[in-house]
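Residue strings, one per chain:
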Amino acid sequence: MKQVNAVCCTTIELSEFDVIAAMKEIPGYIDITPGDFKEVFRVAYAHALQRLMESRTAKDIMTAPAHCLPVNTDLVLAAKFLADQHFSGGPVIDESGRVVGVVSEKDFLQKMGVGQHVSMMQVATHCLSNKGCMVMNLRNHVVGEIMSAPPITAGPDITVGAISTLFTEKKINRLPIVDAEGRPVGIVTRTNLVQLHCLSTGGRP
Amino acid sequence: MKYWQKMKGGGQSPPGVSLVEVGWSWLGSFLGITAVALLHYNLVDQQGLTMLIGSFGASAMLLYGATRSPLAQPRNLLGGHVFSAIVGVAAAQWLGHYPWLAAALAVSIAIALMHLTKTLHPPGGATALIAVMGGESIHQLGYWYVLMPTALGAIVLLVIALLVNNVAPNRRYPEFWF
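Cut-offs applied
- Residues numbered from 1 in each chain as written.
- Chains lettered and ligands numbered in written order.
- Predicted model: local features only at pLDDT ≥ 70, side-chain atom pairs only at ≥ 80, totals over all residues.
- Helix = DSSP H or I, 4+ residues; strand = E, 2+ residues; numbered from the N terminus.
- Buried ≥ 20, exposed ≤ 12 C-beta atoms within 10 Å, placed from the backbone.
- Contact = placed C-beta atoms within 7 Å.
- Axes fitted to C-alpha atoms, helices over the stretch in contact; angles between N-to-C directions.
- Left-handed = near helix turned anticlockwise from the far one by under 90°.
- Nonpolar A, V, L, I, M, F, W, Y, C, P; charged D, E, K, R; others polar.
- Pairing = 2+ DSSP bridges.
- Parallel < 35°, antiparallel > 145°, perpendicular 65-115°, else oblique.
- Core = buried A, V, L, I, M, F, W, Y, C linked by C-beta atoms within 7 Å.
- Expected span 1.5 Å × (residues − 1).
- Bend = angle between axes of the 7 residues up to and from the residue.

**Student:** Which parts of the structure should I look at to understand the overall build of chain B?
**Tutor:** When helices and strands are counted, chain B shows eight helices and zero strands. For chain B, the succession of helices and strands along the chain, N to C, is α-α-α-α-α-α-α-α. Each of the 178 residues in chain B was classed as buried or not, and the buried ones make up 40%. The contacts of chain B with a sequence gap of at least 6 include a subset with a gap of at least 24, amounting to 73%.

As structure tokens, then:
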């Protein structure tokens, strides 16, 4: 997947000289100016990308397997696991292996702070100005208590376009991809989408 | 000033073609016009009719010189000439007293109609104009002008284009029929 993205991120910029070179190689008089051809190419390329976005599904871009946390994982262990793996969150599974929730940095912060819209900076401010640090709030709790549930999940055939919409509408950053029984087969994160997006902009930010 | 900027152009001219291409273009157009001209002088002219009109020179350029062009395809060749001929004859008959208006409307309406019917063929504009300013012999034809010289001449050019262009290893004609 990484390799594919590296290739996708290469900008394809056609110059009129390329077009002229091609027109010279093709025998016969081609009744179009190089500039017009370039424009046709640019627009057609955008259409091809659009088609690609609509034909790509979670299956094609997801990270698999997804690293899941059992629902009864101690929060301290869970935090260590996420930190070690450089994950900012992950699906939570029950004893039968089904996805029952999603846990993310946001959930940890919420447990540490007060109120709904807690941010890392709020927690830092609180820790620095108060005697005790709120991170202690995490002790003796398990993932199941803080996770976002029920989880927003999707099947492997959801299109990339639909995933983008879900991310925006539900304000989420990761989408566990589950099979018919609700068992995780992978995860699509914003990173996966961004990697695909760089393809649609031809490598430009 | 965007308007004046536009007049600067700035695009690149397409490359020229090889001598082989020039040779095929010459051969095709020579044979195409030969066919129409022979029919005209040996057969049709003797009946006081015509088969050869100026716009066929332009059609020959497209059919044998720019074979790949969308403007050179059978749909455009036949549609462009026939629609334009109809418009031209109508303009000549209705507005014959105002030749300048008949000429302008014949060409402009022919172009609009070719656009609308996706049969754009530049020589069609000439076909429409000839219907107006082609002189008494053309005017006398009335709407027969559409069939002969226009449609029949175009068909002869088309047949020669099919026969000659496809002999050339690097050519294929047509790209599409309709």
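Moving on, there is more to tell.
**Student:** Even after reading the chapter, I still don't get the packing of helix H2 (residues 19–44) of chain B against helix H8 (residues 144–165) of chain B, so can you show me in this structure?
**Tutor:** When two helices pack together, their arrangement is given by the angle between the helix axes and by the axis-to-axis distance. Residue and element names in this part refer to chain B. At a closest axis distance of 9 Å, the pairing of H2 and H8 adopts a crossing angle of 145 degrees. H8 is crossed by H2, and the crossing has right-handed handedness. Contact residues: H2 offers Leu-27, Gly-28, Leu-31, Gly-32, Ala-35, Val-36 and Leu-39, while H8 offers Gly-153, Val-156, Leu-157, Ile-160, Ala-161, Val-164 and Asn-165. Considered class by class, the residues forming the contact of H2 with H8 number 10 nonpolar, four polar and no charged.

**Student:** Explanation requested: the pairing of strand E5 (residues 184–189) of chain A in the structure shown.
**Tutor:** Side-chain direction in a regular strand flips from residue to residue, so the side chains alternate between the two faces of the sheet. Residue and element names in this part refer to chain A. The buried fraction of E5 is high, at five of six residues. Across five bridges, the pairing between strand E4 (residues 174–178) and E5 is antiparallel. Its bridge partner being in E5, Pro-176 is matched across the sheet by Ile-187. What sits between the antiparallel neighbours E4 and E5 is a turn of five residues, in which Gly-182 has the positive phi angle 85 degrees.

**Student:** Please explain the packing of helix H4 (residues 74–94) of chain B against helix H6 (residues 123–133) of chain B as it appears in this structure.
**Tutor:** All names here are of chain B. Here H4 crosses H6 at 25 degrees, and the two axes come no closer than 7 Å. In terms of axis orientation, H4 runs roughly parallel to H6. Every pair of crossing elements has a handedness; the one defined by H4 and H6 is right-handed. Residues Gly-80, His-81, Phe-83, Ser-84, Ala-85, Val-87, Gly-88, Val-89, Ala-91 and Ala-92 of H4 lie in contact with H6, whose contacting residues are Pro-123, Gly-124, Gly-125, Thr-127, Ala-128, Leu-129, Ile-130, Ala-131 and Val-132. For the contact of H4 with H6, the class distribution of residues is 12 nonpolar, seven polar and no charged.

**Student:** Would you mind going over the interface of chain A and chain B with me for this structure?
**Tutor:** A common way to express how large an interface is: the accessible area buried when the components associate. Listed by partner, the interface residues are 12 residues for chain A and 15 residues for chain B. Elements that contribute at least two residues to the side of chain A that touches chain B include exactly helix H2 (16–25) and helix H3 (34–55) of chain A. When residues of the side of chain A that touches chain B are assigned to their parent elements, the largest contribution, four residues, is made by H2 of chain A.

**Student:** Any chance you could explain the pairing of strand E2 (residues 89–93) of chain A here in plain terms?
**Tutor:** All names here are of chain A. Counting buried positions over the five residues of E2 gives five, a clear majority of the element. Here two bridges tie strand E1 (residues 69–70) to E2, and the two strands are oriented parallel to one another. Looking at E2, one finds that Leu-69 is bridged to Val-92. In the sheet, E2 pairs with strand E3 (residues 99–104) via five bridges, with the strands oriented antiparallel. Directly across from Val-92, in E3, lies its bridge partner Gly-101. With antiparallel pairing between neighbouring strands as the criterion, E2 and E3 make up a hairpin whose turn holds five residues, including Gly-97 at a positive phi of roughly 85 degrees.

**Student:** Any chance you could explain the nonpolar core here in plain terms?
**Tutor:** One broad rule of soluble globular proteins: the nonpolar side chains tend to lie buried together. Counting 41 residues, the largest nonpolar core has Leu-63, Ala-85, Ala-106, Ala-128, Ala-131 and Leu-157 of chain B as the members making the most contacts within it. Of all the secondary structure elements, the ones that give two or more residues to this core are H2, helix H3 (55–65), H4, helix H5 (99–116), H6 and H8 of chain B. The biggest single contributor to this core is H4 of chain B, with 10 residues. Not counting chain neighbours up to four residues away, the residues in contact with Leu-157 of chain B comprise Gly-32, Val-36, Phe-56, Ser-59, Ala-60 and Leu-63 of chain B. The next biggest cluster of nonpolar side chains, apart from the first, holds 28 residues, and it includes Met-62, Ala-66, Leu-75 and Val-102 of chain A.

**Student:** Looking at this structure, how should I read the sheet that holds E1 of chain A?
**Tutor:** Think of a sheet as strands paired side by side through backbone hydrogen bonds, with each pair either parallel or antiparallel. Spatial ordering of the open sheet is given by E1-E2-E3 (chain A), a layout of three strands whose pairing is mixed. Where the open sheet ends on each side, the last strands, each with one partner, are E1 and E3 of chain A.

**Student:** Would you take a moment to explain H8 of chain B for this structure?
**Tutor:** All names here are of chain B. Its 22 residues give H8 an end-to-end C-alpha distance of 30 Å, which sits within 8% of 32 Å, the value for a rise of 1.5 Å per residue. Taking the largest bend as the criterion, H8 deviates by roughly 30 degrees, centred on Ala-151. Of all the residues in H8, the buried ones are Tyr-145, Val-146, Pro-149, Thr-150, Gly-153, Ala-154, Val-156, Leu-157, Ile-160, Ala-161, Val-164 and Asn-165. On its buried face, H8 sits against H2, H3, H4, H6 and helix H7 (136–141).

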